[in-house]
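# Summary of structural features
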Amino acid sequence: MKHTPGPWKVDYRYTCEDEDGPFGDNWPDVRTLDGSQIICMTPQAVQDIPEARANARILAVSPDMFAVIKEMVSCRSDCNDRNCGECTHCKALAIIAKAEGAE
Ligand SMILES: [Zn+2]
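All values derive from a computational prediction rather than experimental measurement.

Here is what the cut-offs are and how they apply
- Residues numbered from 1 in each chain as written.
- Predicted model: local features only at pLDDT ≥ 70, side-chain atom pairs only at ≥ 80, totals over all residues.
- Helix = DSSP H or I, 4+ residues; strand = E, 2+ residues; numbered from the N terminus.
- Pairing = 2+ DSSP bridges.
- Axes fitted to C-alpha atoms, helices over the stretch in contact; angles between N-to-C directions.
- Contact = placed C-beta atoms within 7 Å.
- Core = buried A, V, L, I, M, F, W, Y, C linked by C-beta atoms within 7 Å.
- Buried ≥ 20, exposed ≤ 12 C-beta atoms within 10 Å, placed from the backbone.

## Topic: unusual backbone geometry
The omega torsion across G6 and P7 is 0°, close enough to zero to call that bond cis. Among the structural elements, P7 can be located in the segment before β1 (8–11).

## Digging into the pairing of strand β4 (residues 29–32)
Here β1 runs beside β4; their pairing, made up of four bridges, is antiparallel. In the sheet register, W8 faces β4, and the bridge partner there is T32. Across three bridges, β4 lies against strand β5 (residues 38–41) in antiparallel orientation. Its bridge partner being in β5, D29 is matched across the sheet by M41. Between β4 and β5, which pair antiparallel in sequence order, lie five residues; one of them, G35, sits at a positive phi of approximately 80°.

## A closer look at the sheet that holds β4
Read from one edge to the other, the open sheet built from three strands follows the order β1-β4-β5, with strand pairing classed as antiparallel. A strand with exactly one partner marks an edge of an open sheet, and here the two such strands are β1 and β5. Neighbour-to-neighbour, the strand axes of this sheet turn through a mean angle of 20°, independent of strand direction. The sheet contacts of helix α1 (residues 50–60) involve β1, β4 and β5, and relative to β1 the element is tilted by about 160°.

## With respect to the nonpolar core
Looking at soluble globular proteins, one finds that nonpolar side chains tend to be buried together. The biggest cluster of nonpolar side chains holds six residues, and these are W8, V10, V30, I39, A56 and A60. When residues of this core are traced back to their parent elements, those giving at least two are β1 and α1.

## Regarding the environment of R57
Mapping R57 onto the fold places it in helix α1. Considering only alpha carbons, one finds R57 and V30, 27 residues apart in sequence, at a separation of 8.0 Å.

Okay, here's the thing in structure tokens:
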């Protein structure tokens, strides 16, 4: 595993601060469960839109989804030719390879 180990969470506790004081309350960051490591910060331009919060939620469950996909692929294959590239099993294998650094 090359990525920061999960679980991750969406964390709304942190704000930015400038000469006018704190701002950006409740902006979604993705962090490790203990909050010590930032995985992803939402750009200021989109922080208040619901889509940014939804994106943060998807990012936060990525390690869990990745682990489940790997487990599903390892325990079952519905593909008869093992490399069709179109069935769910082969699509999952392609996602795993992409996540692990394949082009
Ligand atoms: Zn296939």
